[in-house]
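Summary of the model geometry
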Amino acid sequence: MIRHLVLATATAAFAAAVAVAQTAAPDRWWKPGEGRIFPAQLDYPDGNGTLRLLLDGGAIATKDHPFFTAIGPNGRACVTCHQPADAMSLSAESAARQWERVGAKDPLFAAGDGSNCPSLPQGERASHSLLIDHGLIRIARPWPPKGVTPDFTIAVVRDPSTCNLDPKFGLASATPMVSVFRRPRPVANFKYIEAMGFAYDPKSGMPLPVDSATGKPVSGNLMADARVPSLEAQMRDAASAHLGFLKNLDAGDIQRILAFERSVYVAQQADRVGGALDADGALGGPRTLEMSAPGRLGSQGTPVWSEFEAWEKMPAAARAKLPPAVRAFRDSVARGARVFRDKTFLISDSAGINSPIGFGNPVRNSCVFCHNMTYMGMDVAPGQVDLGTTNRPFADPLPHLPLFRITCTGKPHPHYGRTILTSDPGYALTTGRCADVGRITLQSLRGMSARAPYFSNGSARDLRGVIDFYDRRYSIGYTEQEKADLVNLMRAL
Amino acid sequence: MNPAWLLLVSMLASETPSARFVTCPVYRDTDSGRKSGCWLADDPADGARYDVSAAPTKPDWNHAVLVEGKVDSAAGNPCGGIVLDAVRVSVLEDACTRHMLPAEGYKGRRFALPERNVRPLYEDRERPAKPYAAGRFTIPFDFGSSFITYQIADYYLDATINYALDVAPARIVIAGHAQTAPANVSGQRLVESGTLADERADVVRRALIMRGVPADSIVMAKPAASPLVAAAFDGITTAEPRRVDVTITPR
């Protein structure tokens with residue numbers, strides 16, 4: 001009887017906390033150890049409307065939960081860099097706000113990776129400029145990569161971060177490291193990110209990578225440079241690299257983090273102009289992600305971004321009742337989906353596409369060539385592609401980032417020759433292969449309105465910047481209307 | 001004599017004239033949808049322009065290519081060249097000046113999914129019936145390469161691995177081959193090293209193991225004894241030395 005009473009009281013308290021979490025408006029920023037309830041459904045306004053997070057399986061208490069609790073000496077938790085309001089990533093806007101509100105004392109700005117270099121004076125804004133202004137976290141990769149004899153050398157051409165020339169943390173230090181600066185990837189929708197649609201990675205010509213810890217294949221869509229194969233390994237890597245945690249996470253912590261990460265779904269739910277993205281038969285928002293089968297190829301099943309086809313098929317009478325602005329937005333999103341799928345252009349000199357698979361250089365195709373996974377826009381056949389976001393001559397100038405000179409010592413790079421200028425060698429820092437310089441794992445395209453800037457190095461400040469980069473890189477020749485439609489599509493994802 | 005006339009004479013003399021040459025490729029952008037571009041290659045011997053678009057490996061406009069193929073006299077002229085089908089293209093290291101032609105009235109081809117494509121894991125796969133027979137498989141390679149090429153080598157590799165997994169074999173014998181006999185093609189001496197045969201065999205071995213085939217069931221063999229499965233080459237005999245043969249003996 002007493003046991004039942006205690007259980008009932010605890011349940012009531014939890015329900016009350018859930019209700020409070022859903023009705024009150026707590027701070028957008030989740031600090032480690034706050035002990036909030038993470039409700040089954042959580043909405044945040046963003047610049048384009050409303051982001052929605054769904055927790056498959058219902059609300060959880062985050063008190064003492066290892067994802068939400070600082071487990072290392074730097075005061076960080078996983079949630080520090082994977083904020084719910086930022087689609088489980090971290091926007092540059094949020095980083096800047098935390099600097100304004102808290103300054104260097106916020107664990108986000110921990111010296112290890114939340115500053116341009118740990119040896120800089122940590123109280124100064126300039127020492128954290130890459131995080132504050134560009135949302136970039138320092139990723140220090142060992143050089144040469146572990147267990148690999150590289151077929152290229154790397155030299156620092158310039159380094160405004162100072163870290164690659166730093167006597168303690170740089171390339172010439174006792175433990176040589178290459179510091180690159182990258183955006184945190186969203187910790188959400190992992191059903192899709194971990195999905196294995198095919199048994200092979202055609203970009204490597206081999207079966208999917210095998211996790212040495214389990215002997216099982218993994219999707220190959222994790223981490224910008226594929227430095228670890230699984231979420232478990234990512235957790236261990238992040239715990240030591242980003243949380244300052246010196247010991248391994250225990251099995252219980254790992255299972256709790258995994259259970260949380262695999263239950264979170266994120267997508268834009270409503271647009272400030274167009275309204276609900278799942279209205280009138282459309283399938284926008286995270287509920288479709290939660291309910292659908294992952295890892296499906298759009299070209300052989302449900303076409304990518306066909307979530308919005310219902311808006312094209314609405315009866316004229318129903319359409320006429322919509323406010324003109326809503327109708328115009330819906331039309332634009334639907335057009336954007338078609339441009340994404342159908343507008344072809346010549347893709348050239350992009351390793352991972354034009355080499356070594358055999359598609360040819362150039363090859364005519366559309367955005368959906370690579371962003372081919374239904375509902376997510378990732379690559380079902382996984383792997384890394386060099387879009388040119390980090391490699392000259394295609395990359396934007398990016399004067400705030402380090403610039404490295406890669407010299408291929410074996411075969412030349414299939415598209416760049418022997419010498420490459422890059423701000424981030426990407427996958428090559430894992431494989432040690434010159435041919436992989438600048439190749440980056442494709443990202444999820446959901447919840448984008450909440451997590452600017454874009455690309456792994458944050459080089460696109462906004463969604464229009466993404467479109468403009470592609471337009472320049474591949475001489476696509478988008479019209480202004482097509483650009484606007486693609487931006488509207490992406491803001492609706 | 002006009003190259004086209006020469007070709008016609010050749011076609012009359014033989015049902016399936018073939019071509020083998022090294023050249024710089026030319027891309028014709030017919031803009032007929034995804035993967036619709038035409039790949040053209042001029043034989044330096046007579047200047048005849050061939051359409052090599054049907055090759056599983058497409059050219060790279062920055063590099064020379066080795067073309068090996070058979071003329072398909074019934075294929076029309078969608079790209080502005082004599083159609084080779086079947087055809088194999090190998091991308092070589094020699095540099096080329098990239099060149100692109102406009103459509104110039106040629107319609108190109110709409111993309112159609114090749115018959116040799118690996119199916120997704122979420123589709124049901126037909127399993128072999130008992131009693132299991134011994135399986136023989138051949139995985140083809142491009143010249144100078146040990147890369148498993150999309151929609152040709154991966155198709156045969158996948159068939160090999162699936163069979164190995166399905167029949168739980170007692171013994172898998174892998175034999176790598178390379179084109180170690182030199183050939184003079186378009187004035188170039190083309191020859192592969194013997195180590196490439198080993199590299200190719202090792203790629204197949206690693207792929208089998210990565211998919212879950214027990215390593216201790218695999219035996220690496222010398223190439224001499226292994227028979228090939230000709231279907232992987234579509235009758236292009238000059239490509240046959242570049243392969244890995246796998247024999248699977250069920251329990």
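The rules behind each value
The numbering scheme is per chain: residues are counted from 1 as the chain's sequence reads. Lettering of chains starts at A and numbering of ligands starts at 1, both following the order in which they are written. Only residues with pLDDT of 70 or above have their local features reported here, since the model is predicted, and side-chain atom pairs are shown and tallied only from 80 upward, although totals for entire chains, interfaces and linings are computed over all residues. Heavy atoms from the whole structure form the basis of all side-chain values; hydrogens and water molecules are not counted. Here, any two strands with at least 2 DSSP bridges between them count as paired. A helix here means a DSSP run of H or I that spans at least four residues, while a strand means a run of E at least two residues long, and both kinds are numbered starting from the N terminus. To obtain an axis, a line is fitted to C-alpha atoms, over the contacting stretch when the element is a helix, and the angle between two such axes runs from 0 to 180 degrees between their N-to-C directions. Defined by distance alone, a disulfide is two cysteine sulfur atoms within 2.5 Å. In what follows, salt bridge is the name for a side-chain nitrogen of Lys or Arg lying within 4 Å of a carboxyl oxygen of Asp or Glu. In this scheme, a residue with accessible area under 20% of its type's maximum is buried, one over 50% is exposed, and one in between is partly exposed, where area comes from a 1.4 Å probe on protein chains only. The criterion used for residue contact is that any of the two residues' heavy atoms lie within 4.5 Å. What gets called buried area is simply the loss in accessible area from a 1.4 Å probe that two parts show on being joined, summed for both. Under this definition, polar contacts are N or O atom pairs within 3.5 Å; protein pairs additionally need one hydrogen-donor-capable and one acceptor-capable atom, and for neighbouring residues in sequence, both atoms have to be side-chain atoms. Amino acids are sorted into nonpolar (Ala, Val, Leu, Ile, Met, Phe, Trp, Tyr, Cys and Pro), charged (Asp, Glu, Lys and Arg) and polar (every other residue, Gly among them). Arc definition: it is the arc formed by the directions from the helix axis to the C-beta atoms.

Notes on the sheet that holds strand 16 (residues 419-422) of chain A
All names here are of chain A. Here three strands make up an open sheet; going across it, the order is 6-15-16 and the pairing antiparallel. Strands at the two margins of the open sheet, each flanked by one partner only, are strand 6 (152-158) and strand 16. Along the sheet, successive strands turn relative to each other by an average axial angle of 25°, direction set aside.

Considering the state of the cysteines
Residue and element names in this part refer to chain A. Enumeration according to the criterion identifies four disulfides over all chains in this entry. Disulfide partner of Cys117: Cys163, at an S-S distance of 2.2 Å. Judged by the sign of its S-S torsion, about 70°, the cystine formed by Cys117 and Cys163 is right-handed. Taken together, the residues Cys117 in the loop between helix 4 (111-114) and helix 5 (129-134) and Cys163 in the loop between strand 6 and strand 7 (177-182) connect sequence positions 46 residues apart. With its sulfur 2.0 Å from that of its partner, Cys408 forms a disulfide with Cys434.

Some words on the pattern of salt bridges
All names here are of chain A. For the structure shown, the criterion picks out 47 salt bridges over all chains. Here Asp471 and Lys483 are joined by a salt bridge, their closest N and O atoms 3.4 Å apart. Remark: Lys483 occurs in helix 15 (residues 480-491) and Asp471 occurs in helix 14 (residues 463-473); sequence separation between them is 12 residues. Classification of Asp471 as buried rests on a relative accessible area of 14%. The exposure class of Lys483 is buried, given its relative accessible area of 10%. Each of Arg141, Arg182, Asp225, Arg227, Asp237 and Asp424 takes part in salt bridges that share partners, so that together they form one network.

Here we look at unusual backbone geometry
All names here are of chain A. In this chain, Arg392 is followed by Pro393 through a cis amide linkage whose omega measures 5°. Along the chain, Pro393 turns up in the loop between strand 14 (384-385) and strand 15 (403-408). With omega at 0°, the peptide bond leading from Ala452 into Pro453 counts as cis. Among the secondary structure elements, Pro453 is positioned in the loop between strand 17 (440-441) and helix 14. Backbone geometry places Leu398, a non-glycine residue, at a positive phi of 50°.

Description of the interface of chain B and chain A
The interface is formed by 38 residues belonging to chain B together with 37 residues belonging to chain A. Around 3000 Å² of area is buried between chain B and chain A when both sides are counted, 60% of it from carbon and sulfur atoms. Of all residues in chain B, Tyr122, Phe147 and Met210 of chain B give up the largest surface area on contact with chain A, accounting jointly for 23% of the area buried on that side. Seen at the junction of chain B and chain A, the total is four salt bridges. Our count for the contact surface shared by chain B and chain A stands at 17 residue pairs in polar contact (both at pLDDT 80 or more). Those elements giving two or more residues to the side of chain B that touches chain A turn out to be strand 2 (25-29), helix 2 (153-167) and helix 3 (194-210) of chain B. Counting residues per element, the side of chain B that touches chain A draws most heavily on helix 3 of chain B, at four residues. Grouping the constituent residues of the side of chain B that touches chain A by class yields 19 nonpolar, six polar and 13 charged.

Digging into helix 3 (residues 92-101) of chain A
Residue and element names in this part refer to chain A. Among the residues making up helix 3, those that are buried are Ala92, Ser94, Ala95, Gln98 and Trp99. Down the axis of helix 3, the sector holding all buried residues measures 165°, keeping them to one side. Exposed side of helix 3, more than 90 degrees from the buried face: Glu93 and Glu100 are the residues found there. Its buried side turned inward, helix 3 meets helix 5. Phi for Gly103, located one or two positions after helix 3, is positive at around 75°.

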